Amino acid sequence: MAEEKKLFKVKIDGIPVEVEPGTTILNAARQIGGDIVPPAMCYYSKLQGSGGKCRTCLVKVSKGSEADPRPMPKLVASCRTTVMDGMEVANITSPEVLEARKGVVEFLLLNHPLDCPVCDQAGECHLQDLGYEHGADGTRYEFKRREFEKIDIGDKIQLHMTRCILCYRCVFTADQLTETRQHGILGRGEASEISTYIHKSLDNEFIGNVIDVCPVGALTDKTFRFKNRVWFLKPVDAHRDCENPKCCGKTVLWLRGDEVFRVTARKDKYGEVEAFICDTCRFDKKETKDWIVEGPRKVDRHSVISQGQYVGVHKPKDALPEVLDGRQPKLMMNIHNISQVNRPEIDLSRIEGPAHSDDFKN
Amino acid sequence: MGRKLLFDKAHIENIRYYDVYRANGGYDSAEKALKSMTPELVLEEVKKSGLRGRGGAGFPTGLKWSFIAKPEGVPRYLVCNADESEPGTFKDRYLMEFLPHLLIEGLLISSYTLGANSCYIYIRGEYAWIPDILEEAIADAKKNGWLGKNIQGSGFDLEIYVQRGAGAYICGEETALIESLEGKRGNPRIKPPFPAVKGLWDCPTVVNNVETLATVVPILRIGGEEYAKYGIGKSTGTKLISACGNINKPGVYEIEMNISVEEFIYSEEYCGGIANGKRLKACIPGGSSVPILPANLLLKTAKGEPRMMTYESLSDGGFATGTMLGSGGFIVLDEDQCIVKNTLTFARFYHHESCGQCSPCREGTGWMERVLKNIEKGKGKMSDIDLLWDIQRKIEGNTICPLGDAAAWPVAAAIRHFRDEFEWHVLNPEESQVRNFGLAHYADPLEIAAPAAV
Amino acid sequence: MFSEEKLNKVKEIIARYPQGKQKSALLPVLHLAQEEFGGWLSAETMDYVASLLQITPIEVYEVATFYSMFNMKPVGKHVFEVCHTGPCMLRGSDNIIDYIKKKLNIGVGETTQDGLFTLKTVECLGACGYAPMMQLGKHFREHLTPEKVDEIINECRAKAN
């Protein structure tokens with residue numbers, strides 16, 4: 001019989017968990033789940049070498065281990081620090097951590113354009129969520145935000161360098177999934193940028209995965225650009241028998257009616273893809289007949305997308321009778337008689353998915 | 001005259017050449033180590049000497065060496081950090097330019113101790129003429145049997161190579177240096193693993209500063225115990241101090257760590273006093289990243305004791321009233337200098353040198369520079385001073401490598417001790433453009449708190 | 001393309017590292033290439049270096065753009081790199097920079113019309129005790145004064161003629 005592996009006992013925010021030696025604090029926290037999981041903008045469990053850079057997952061190690069209980073002198077990146085037996089970690093129970101995290105969020109947003117209204121990532125952007133949960137109300141930065149010379153990296157992927165938070169995930173993706181990496185981090189410090197140096201299109205059968213790993217709207221799907229907001233689409237799990245042996249063929253189709261607006265890999269509750277997909281699946285199979293649809297996809301991450309599916313949303317209590325104290329309201333004017341938009345002959349409940357202005361055209 | 005261990009023969013003409021160096025006792029220490037000592041014995045001597053890393057951190061060298069992993073069949077490397085880039089620091093350059101064989105002898109003894117058969121000197125790219133000097137010295141040492149195969153019949157092999165950087169302060173951080181040596185961007189690695197386990201090409205590696213490695217030579221010559229008798233307490237031996245700024249005699253000095261800061265600044269043997277008959281306003285005694293101190297706190301500790309040129313005395317009082325010995329880059333400011341402007345140049349430096357890998361440093365260093373620039377140009381607000389304080393606090397301790405701390409500390413210390421001057425800049429936007437704040441009260445004797453009654 | 005002699009130098013550099021670690025030669029070979037091909041690194045030069053070291057071009061671009069000594073654009077024949085960090089500033093480097101600007105009639109980062117001089121400000125070069133100073137090619141010029149700057153400019157002009 002194989003020798004049983006000794007598990008390390010760890011406490012995160014007072015919650016005990018037993019994990020295998022070599023597990024990072026972040027992954028130990030993910031095993032517990034819930035609010036005590038530190039946010040991660042650069043770490044990606046499927047990409048070797050990722051993590052440590054964004055500093056949003058900083059935590060306090062208040063007890064190093066059973067053998068050496070001294071606390072660690074500085075906050076540590078939970079994604080790159082492995083647990084020790086008896087370690088005690090404070091995340092949301094440490095004011096120091098929350099303060100530092102607020103600082104990191106401010107740094108990440110310092111030069112980030114607030115162009116969410118025109119950004120295709122809006123609604124599924126990790127920086128939006130992070131800013132909402134941990135950020136300050138406003139910026140204290142009074143200087144011009146950084147700009148970059150725009151570069152074209154091809155007809156499939158759109159690069160918006162101003163939105164990039166330099167997580168390096170796309171670089172690891174290209175290194176680990178494609179034959180040769182054609183883009184990288186150029187320049188230094190504040191002027192660092194994702195680029196190809198000499199303008200050229202990224203061309204590789206797996207390069208589209210950089211879109212899925214990008215935590216912000218720096219790399220988006222050009223074939224989906226400005227076509228719709230993600231929360232107006234209905235995600236469904238689908239698969240096809242992909243001819244590429246390295247592709248799992250399991251995807252999410254983002255539909256409106258029968259129309260496939262975009263194809264992505266399936267993501268877990270931390271926003272990480274479950275398995276990478278090839279560019280043929282992502283960019284070239286844009287018809288439902290290409291796919292075997294399995295059923296609706298529940299987006300696990302708290303997100304407006306799930307709200308778009310009306311999942312778990314209760315019908316609000318009708319407050320009107322209460323307010324009117326039993327009196328019956330009298331209809332002064334039927335708006336349908338004068339409105340150009342609200343057409344009584346169109347039954348909204350018959351429309352597939354959320355309504356669209358095209359539905360009202362005769 | 002203070003006792004010298006590194007520069008004791010520096011005055012001898014042509015000491016930079018092999019024959020003269022050898023004729024004056026050069027390579028005697030290496031001979032002693034190779035012929036009569038085991039690596040363990042050499043390590044023991046280095047431990048006994050109390051030698052601490054001279055690059056800035058002051059970590060005990062013997063202890064660092066004892067951490068090196070020794071897996072079977074895996075090469076080990078010694079890397080000499082000659083990327084001297086901390087503003088105010090120019091001591092290693094002097095050693096390499098004028099005493100190259102002292103360094104090579106130190107590398108030989110250290111490599112022997114660590115069991116490294118290849119050693120790389122990573123030198124900052126701007127010192128473009130020094131690799132020629134080092135390579136010539138390496139060739140001469142090799143010709144005379146001090147490098148190559150089976151050195152002096154000991155069975156020990158060593159090759160030393162010189163690698164030039166290309167302009168990046170961050171490569172002075174040991175893991176960034178290793179990355180750069182591997183032909184990559186100088187992005188510091190996330191530790192652990194430490195270089196002693198996984199360093200150059202994933203092999204066990206020790207990275208030490210030039211001065212640290214050269215110091216191994218006198219330690220073996222006089223013995224670790226004897227070396228430890230130099231200096232005070234845990235600040236054993238001698239230290240090279242590169243003095244610059246508004247002093248009469250800028251230059252590189254070897255001091256025994258038992259003299260006072262006052263003696264170092266004012267004696268004829270060292271800095272020779274403040275230039276042009278001016279008065280001392282402030283000093284950054286250990287390279288740009290260590291806290292700046294006003295004259296009164298520099299010369300005397302908060303307890304009223306004379307401040308000494310030792311690791312302990314300079315850091316007496318912590319960051320509240322003390323500073324650090326750091327790399328020994330001793331920058332002196334006279335009464336005509338503007339603290340805001342000086343701080344701005346350091347903030348600009350760290351902004352320029354940030355590798356950009358982690359967000360607090362990438363975003364925060366530029367922000368600090370811009371806010372400081374506004375204050376310096378008379379466009380600042382009172383709230384900017386508190387903002388600066390808050391930015392540096394959010395960088396410090398939250399970055400991958402110590403560059404974040406190095407960028408935060410000078411700003412923090414300048415505000416801590418010279419807040420009046422910052423406020424004066426904000427309140428007098430026009431006047432501050434044409435005259436300096438001056439010495440103000442920064443040299444006034446400090447009130448010493450009476451010891452609490454027992 | 002490198003000459004036979006330079007190619008041998010490249011081989012010698014690669015031999016300093018263990019087998020398969022030829023990427024380590026990148027910085028030294030980029031220095032060589034910059035010296036050899038007009039004082040800056042064009043995309044073609046970098047692609048050539050990549051082929052010599054059997055690495056991908058992006059690996060070279062990433063590294064070349066990181067280090068401040070590699071010029072990504074053409075520069076003048078003589079580049080004045082004047083330090084303006086704290087210790088040099090304390091000894092009057094701002095005056096030296098202003099003097100050079102006036103004398104050569106160019107701003108920082110600019111090149112004279114004849115392509116002879118480029119003025120740059122740089123961060124600490126490790127010559128703080130000999131301030132103010134600048135780097136000119138392979139060497140440092142220290143204890144600068146307006147008179148010394150004049151001498152240096154004349155010396156460079158004489159070399160060009």
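Residues numbered from 1 in each chain as written. Chains lettered and ligands numbered in written order. Predicted model: local features only at pLDDT ≥ 70, side-chain atom pairs only at ≥ 80, totals over all residues. Heavy atoms only, no water.

## A short note on the overall build of chain C
The condition is simple: What counts as a helix is a DSSP run of H or I of at least four residues, what counts as a strand is a run of E of at least two, and both are numbered from the N terminus. Each residue gets one of three labels from its accessible area relative to the maximum for its type: buried under 20%, exposed over 50%, partly exposed in between, using a 1.4 Å probe on protein chains only.
When its secondary structure is counted, chain C shows seven helices and four strands. Order of helices (α) and strands (β) in chain C, N terminus to C terminus: α-α-α-α-β-α-α-β-β-β-α. Dimensions of chain C, computed from C-alpha atoms along their principal axes, come out at roughly 50 × 35 × 25 Å. The buried share of chain C, reckoned over its 161 residues, is 56%.

## Describing the overall build of chain A
In plain terms, the rule: In this analysis, two residues are considered to be in contact whenever any of their non-hydrogen atoms come within 4.5 Å of each other. Note on areas: Shrake-Rupley with a 1.4 Å probe; residue coverage comes only from the protein chains shown.
Looking only at helices and strands, chain A has nine helices and 13 strands in total. Out of the 362 residues belonging to chain A, those deemed buried represent 51%. Partitioning the intrachain contacts of chain A with sequence separation of at least 6 by distance along the chain shows that 65% fall at a separation of at least 24. About 19100 Å² of surface is accessible on chain A, with carbon and sulfur atoms providing 52% of the total.

## A look at the packing of helix α3 (residues 43-53) of chain C against helix α4 (residues 57-64) of chain C
The relative placement of two packed helices comes down to the angle between their axes together with the axis-to-axis distance. All names here are of chain C. The line we're drawing: Axis lines are fitted to C-alpha atoms, over the contacting stretch for helices. Their N-to-C directions set the angle, which ranges from 0 to 180 degrees. Roughly parallel refers to an angle under 35 degrees, roughly antiparallel to one over 145, roughly perpendicular to one between 65 and 115, and oblique to any angle outside these ranges. Note on convention: near helix rotated counterclockwise from far helix by under a right angle means a left-handed crossing. Clockwise means right-handed. For this classification, the nonpolar set comprises Ala, Val, Leu, Ile, Met, Phe, Trp, Tyr, Cys and Pro, the charged set comprises Asp, Glu, Lys and Arg, and every other residue, Gly included, is treated as polar.
Taken N-terminus to C-terminus, the directions of α3 and α4 make an angle of 120°; their axes are 8 Å apart at the nearest point. By the angle between their axes, α3 is oblique relative to α4. For the pair α3 and α4, the crossing hand works out as right-handed. For the pair formed by α3 and α4, the contact residues are Met46, Asp47 and Ala50 on the first element and Pro57, Val60, Tyr61 and Ala64 on the second. Here the residues of the contact of α3 with α4 sort into six nonpolar, no polar and one charged.

## Structural notes on a nonpolar patch on the surface
All names here are of chain B. Note the following rule: Patches here are clusters of residues that have more than 30% relative accessible area and form no salt bridge, with a 9 Å joining cutoff for like charges and a 5 Å cutoff for nonpolar side chains (Val, Leu, Ile, Met, Phe, Trp, Tyr). Counted as salt bridges are all cases of a side-chain nitrogen of Lys or Arg within 4 Å of a carboxyl oxygen of Asp or Glu.
There is a patch of nonpolar side chains on the surface, built from Phe59, Leu63 and Phe67 and spanning about 280 Å² of accessible area. Note that Phe67 resides in the loop between α4 (61-66) and β1 (77-82). Phe67 gets classed as partly exposed once you look at its relative accessible area, which sits at 47%.

## Looking at the pattern of salt bridges
The final tally for this structure, using the stated rule, is 80 salt bridges over all chains. Ionic pairing is found between B:Asp405 and A:Lys74, a salt bridge with its closest N-O pair at 3.1 Å. One end of the pair, B:Asp405, is in helix α18 (residues 403-427); the other, A:Lys74, is in the loop between β3 (58-63) and β4 (76-77), on a second chain. Residue B:Asp405 is classed as buried on the basis of its relative accessible area, which comes to 6%.

## Quick look at unusual backbone geometry
A negative phi holds for most residues other than glycine; trans holds for most peptide bonds. All names here are of chain B. The peptide bond linking Lys191 to Pro192 adopts the cis configuration, its omega dihedral lying at -5°. Positive phi outside glycine occurs at Asn14, with the angle close to 60°. Mapped onto the elements of the fold, Asn14 is located in the segment before α1 (18-23). With phi around 45°, Asn150 is a residue other than glycine that occupies positive phi space. Examined against the element boundaries, Asn150 turns out to sit in the loop between α7 (130-143) and β3 (159-164). Under the relative-accessibility criterion, Asn150 is labelled partly exposed at 41%.

## Overview of the packing of aromatic side chains
Here is the rule: Centres within 6.5 Å are what make two rings of Phe, Tyr or Trp a pair, Trp counting through its six-membered ring; a difference in plane orientation under 30 degrees is then read as stacked, over 60 as edge-to-face, and the rest as tilted.
Applying the stated criterion across every chain yields a total of 40 aromatic pairs over all chains. Note on B:Tyr227 and B:Tyr230: the rings are 6.5 Å apart at their centroids and 20° apart in plane angle, and the pair reads as stacked. Comparing B:Tyr227 with B:Tyr230 shows no difference in burial state: the two are buried. Feature note: the residues B:Tyr77, B:Tyr120, B:Tyr161, B:Trp201 and C:Tyr17 constitute an aromatic cluster, connected by ring pairs.

## Topic: the domain arrangement of chain C
Basically, it comes down to this: Source of the domain bounds: an automatic or database domain assignment.
You can read the domains of chain C as domain 1 (4-66) and domain 2 (78-160). Relative to domain 2 of chain C, the C-alpha centre of domain 1 of chain C lies at a distance of 29 Å.

## Thoughts on the sheet that holds strand β2 (residues 15-19) of chain A
Applicable threshold: Strand pairing requires that DSSP identify at least two bridges connecting the strands.
The strand order across the open sheet built from five strands is β2-β1-β5-β3-β4 (chain A), with neighbouring strands paired in mixed fashion. With one partner strand each, in any of the chains shown, β2 and β4 of chain A form the two edges of the open sheet.

## Side note on the interface of chain A and chain C
Applicable threshold: Buried area, as used here, totals the accessible surface that two parts lose on assembly, with accessibility defined by a 1.4 Å probe and the loss added over both.
Every contact between the two is made by 13 residues of chain A and, on the other side, twelve residues of chain C. Together, the buried faces of chain A and chain C total about 1000 Å²; carbon and sulfur atoms form 60% of this surface. On the chain A side of the contact with chain C, A:Arg181, A:Arg188 and A:Tyr197 bury the most area, a combined 54% of that side's loss. Seen at the junction of chain A and chain C, the total is one salt bridge.

## Brief notes about the sheet that holds strand β8 (residues 251-256) of chain B
Residues and elements named next belong to chain B. Pairing within the open sheet is mixed, and its five strands lie in the order β8-β7-β11-β9-β10. A single partner strand is all that each edge strand has here, and the edge strands are β8 and β10 (293-294). Bridge count between strand β9 (residues 280-284) and strand β11 (residues 329-334): four bridges; the pairing is antiparallel. Residue pairing for β11: Leu280 is matched across the bridge by Asp334. Sheet strands in contact with helix α5 (residues 91-98) are β7 (238-245) and β8, and its direction is about 115° off that of β7. Here helix α15 (residues 339-353) sits on the sheet and contacts β9 and β11; the angle it forms with β9, its principal contact strand, is near 15°.

## Some words on the pairing of strand β1 (residues 78-83) of chain C
Residue and element names in this part refer to chain C. For β1, the buried fraction is high: six of the six residues fall into the buried class. Burial of the side chains of β1 extends over both faces: His78, Phe80 and Val82 are buried on one face and Val79, Glu81 and Cys83 on the other. Pairing geometry for β1 and strand β2 (residues 117-122), over six bridges, is parallel. Among the inter-strand pairings, Cys83 is bridged to a residue of β2, identified as Val122. Pairing geometry for β1 and strand β3 (residues 134-136), over three bridges, is antiparallel. Directly across from Phe80, in β3, lies its bridge partner Leu136.

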